[in-house]
Amino acid sequence: GGFCIVRGSHKLNLPVPTDFADGVGSAFAEHIHHPATRAGDVVLWSEATVHGATPWRAERERRVAIYRFAPPNMGYGRGYLDIPPGAMEGLTPLQRAVLEPPYATRLERPLVTASAAAEEDGATEAVRHLRSEAKKEHDRQTLGTAYF
């Protein structure tokens, strides 16, 4: 189980059949590829690649960190609005910061830095890069908000 892709699907120039996208058609099983990975490996792929996950059946817990790369004005985070109640309980401040939706640093939200992540104690706070008061005041006067 786990992460899977359809090799070459980033080149498709036609809609993906529903059974294929939902992973229910056995005729498509031969096209589904599970990259061989070990703990700590990183998998990079284009968002244009048909990808997903098959049911996780291993005894151990599976953890995934998803990073999306795009200009801040193109970050999409609709899927981040539905975090189930209680899902963040028991997480350290750094773990919570990693789960924040995409955003531009001008929003002064927590960032995980290499030095904070290297700390052994789980209580380390994420870093917040604060915008200058002059920039916030400019935005308030020209846009009516501290964050454009």
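About the cut-offs
- Residues numbered from 1 in each chain as written.
- Predicted model: local features only at pLDDT ≥ 70, side-chain atom pairs only at ≥ 80, totals over all residues.
- Heavy atoms only, no water.
- Helix = DSSP H or I, 4+ residues; strand = E, 2+ residues; numbered from the N terminus.
- Buried < 20%, exposed > 50% of the residue type's maximum accessible area, 1.4 Å probe, protein only.
- Contact = heavy atoms within 4.5 Å.
- Areas by Shrake-Rupley, 256 points an atom, 1.4 Å probe, with all protein chains shown as cover.
- Pairing = 2+ DSSP bridges.
- Patch = residues over 30% accessible without salt bridge, like charges linked within 9 Å, V, L, I, M, F, W, Y side chains within 5 Å.
- Salt bridge = Lys/Arg side-chain N within 4 Å of Asp/Glu carboxyl O.
- Phe/Tyr/Trp six-rings, centres within 6.5 Å; stacked < 30°, edge-to-face > 60°.
- pLDDT = per-residue confidence, 0-100.

Here we take up the overall build of the chain. Along the backbone of the chain there are four helices and three strands. Reading the chain from its N end, one meets helices and strands in the order β-α-β-β-α-α-α. Per-residue burial over the chain gives 16% buried out of 148 residues. Pairs at least 24 apart in sequence give 53% of the contacts found in the chain among residues at least 6 apart. Here the chain has roughly 11,600 Å² of accessible surface; of this, 54% comes from carbon and sulfur atoms.

It is worth spelling out the pairing of strand β1 (residues 2-6) at this point. The element β1 is extensively covered by neighbouring structure, given that five of its five residues are classed as buried. Direction of pairing for β1 relative to strand β3 (residues 51-54): antiparallel, over a ladder of four bridges. The residue bridging F3 from the neighbouring strand is A53, located in β3. As defined by bridge partners, β1 adjoins strand β2 (residues 32-33) across two bridges and the pair is classed as antiparallel. Note that in β2 the partner of I5 across the bridge is H33.

For the rest of this paragraph, the subject is the side chain of T49. Here T49 shows up in the loop between β2 and β3. Non-local contacts of T49, meaning those with residues more than four positions away in its chain, are made with I5, V6, S9 and H10.

On to a nonpolar patch on the surface, then. A grouping of Y67, V98, L99 and V112 is seen on the molecular surface, where their side chains present a nonpolar patch of about 350 Å² in accessible area. Inspection of the secondary structure assignment puts V98 in helix α2 (residues 93-98).

Scanning all chains against the criterion turns up one aromatic pair. Pairing F3 with W45 gives two aromatic rings, centres 4.4 Å apart and planes at 40°, and the pair type is tilted. Of this pair, F3 sits in strand β1 while W45 is found in the loop between β2 and β3, placing the two residues 42 residues apart along the sequence.

Note that predicted coordinates carrying low pLDDT should not be read in detail. Mean pLDDT over the chain stands at 76; residues scoring 70 or higher make up 77%. Looking at the elements of the chain, mean pLDDT is at its lowest for helix α3 (residues 114-118), recorded as 71, and at its highest for β2, recorded as 88.

On to the sheet that holds β2. Strand order across the open sheet formed by three strands is β2-β1-β3, with antiparallel pairing between neighbours. Edge positions in the sheet fall to β2 and β3, since each of these pairs with one other strand and no more.

What follows covers the pattern of salt bridges. For the structure on display, the rule yields three salt bridges. Among the ionic pairs, E133 bridges to K136, the shortest N-O distance being 3.5 Å. Here the residue E133 and the residue K136 both occupy positions in helix α4 (residues 133-143), the gap between them amounting to three residues, near one helical turn. Here K136 falls in the buried class, since its relative accessible area comes to 10%. The residue E133 makes a salt bridge to R140 at a minimum N-O spacing of 3.6 Å. Classification of E133 by relative accessible area gives exposed; the value is 52%. Beyond isolated ion pairs, a larger network of salt bridges with shared partners links E133, K136, E137 and R140.

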